[in-house]
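# Reading the structure
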Amino acid sequence: MHTATLNDSEIAERVAVLKRFRSLLEQQRLKFREYLTVLEKQEKSISDENTDAVLQHTELEESIIAEIFTIQKVIDPLEYMYANICKNTDHSDIPHLKTDLDDLQKRVLAQNKKNRELLQTHITGLRQQIASLKRPYAHKESIYASTARTAALVDLSL
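Since this is a predicted model, take the numbers as computed values, not measurements.

## Observations regarding the nonpolar core
In summary, soluble globular proteins display a tendency toward joint burial of nonpolar side chains. Counting residues in hydrophobic clusters, the biggest one holds 22 residues, and the most contacted among them are Phe21, Leu25, Phe32, Tyr35 and Ile94. At the level of elements, helix H1 (8-47), helix H2 (51-85) and helix H3 (93-132) are the ones that each hand at least two residues to this core. With ten residues, H1 is the largest single contributor of residues to this core.

The structure is reproduced here in structure tokens:
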């Protein structure tokens, strides 16, 4: 077996890479779950037409996305190291974590798409409401823009 020829420092390096990689995958999975929860709450806020809550959810969403990208920047090189160092070893929880993470990403994308469609529908409805508003003076001349004849001379004699 290939593992028997490894020295203690190589084994320690593999274990450290594996632990760090697993830890980062778990962190990212947690962030995606948090993101999905925010998106689900945002959907309710959109349906309830609560613009303040939608804004808060959007700001929270942006910070979570930034954290996800930060974690991903560390995961990418570790995944490469993991693939090269741990080729012959079987770590059954890593594929499960990656599968779970992929499923969460798909759910997040689907929820995000649903929210965007809801917002687009809501915006379209608002535009139609604004367009249908009746302006009482829309087709009347302004008294200030009038070209009607007015007196130019005033008689002040008594």
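Picking up where we left off.
## Digging into the pattern of salt bridges
Tallied over the entire structure, the rule returns seven salt bridges. Two residues, Arg33 and Asp100, come together in a salt bridge whose shortest N-O distance is 3.1 Å. Taken together, the residues Arg33 in helix H1 and Asp100 in helix H3 connect sequence positions 67 residues apart. Since its relative accessible area comes to 39%, Arg33 is described here as partly exposed. The residue Glu43 makes a salt bridge to Lys114 at a minimum N-O spacing of 3.1 Å. A residue pair is termed long-range when its members are at least 10 positions apart, and Glu43 in helix H1 and Lys114 in helix H3 qualify at 71 residues. Judged by its relative accessible area of 41%, Lys114 is partly exposed. Three or more residues are tied together by salt bridges with common partners; here these are Arg29, Arg33 and Asp100.

## Looking at the environment of Pro77
Mapped onto the elements of the fold, Pro77 is located in helix H2. The sequence separation of Pro77 and Phe21 amounts to 56 residues, and the corresponding C-alpha distance is 9.6 Å.

## Here's the deal with H1
Think of an α-helix as 3.6 residues a turn; residues three or four steps apart then line up on the same face. The terminal C-alpha atoms of H1, which comprises 40 residues, lie 58 Å apart, in line with the 58 Å expected from a rise of 1.5 Å per residue. A positive phi of about 60° marks Glu49, the residue just after H1.

Reading guide: rules and limits
- Residues numbered from 1 in each chain as written.
- Predicted model: local features only at pLDDT ≥ 70, side-chain atom pairs only at ≥ 80, totals over all residues.
- Heavy atoms only, no water.
- Core = buried A, V, L, I, M, F, W, Y, C linked by side-chain atoms within 4.5 Å.
- Buried < 20%, exposed > 50% of the residue type's maximum accessible area, 1.4 Å probe, protein only.
- Helix = DSSP H or I, 4+ residues; strand = E, 2+ residues; numbered from the N terminus.
- Salt bridge = Lys/Arg side-chain N within 4 Å of Asp/Glu carboxyl O.
- Expected span 1.5 Å × (residues − 1).

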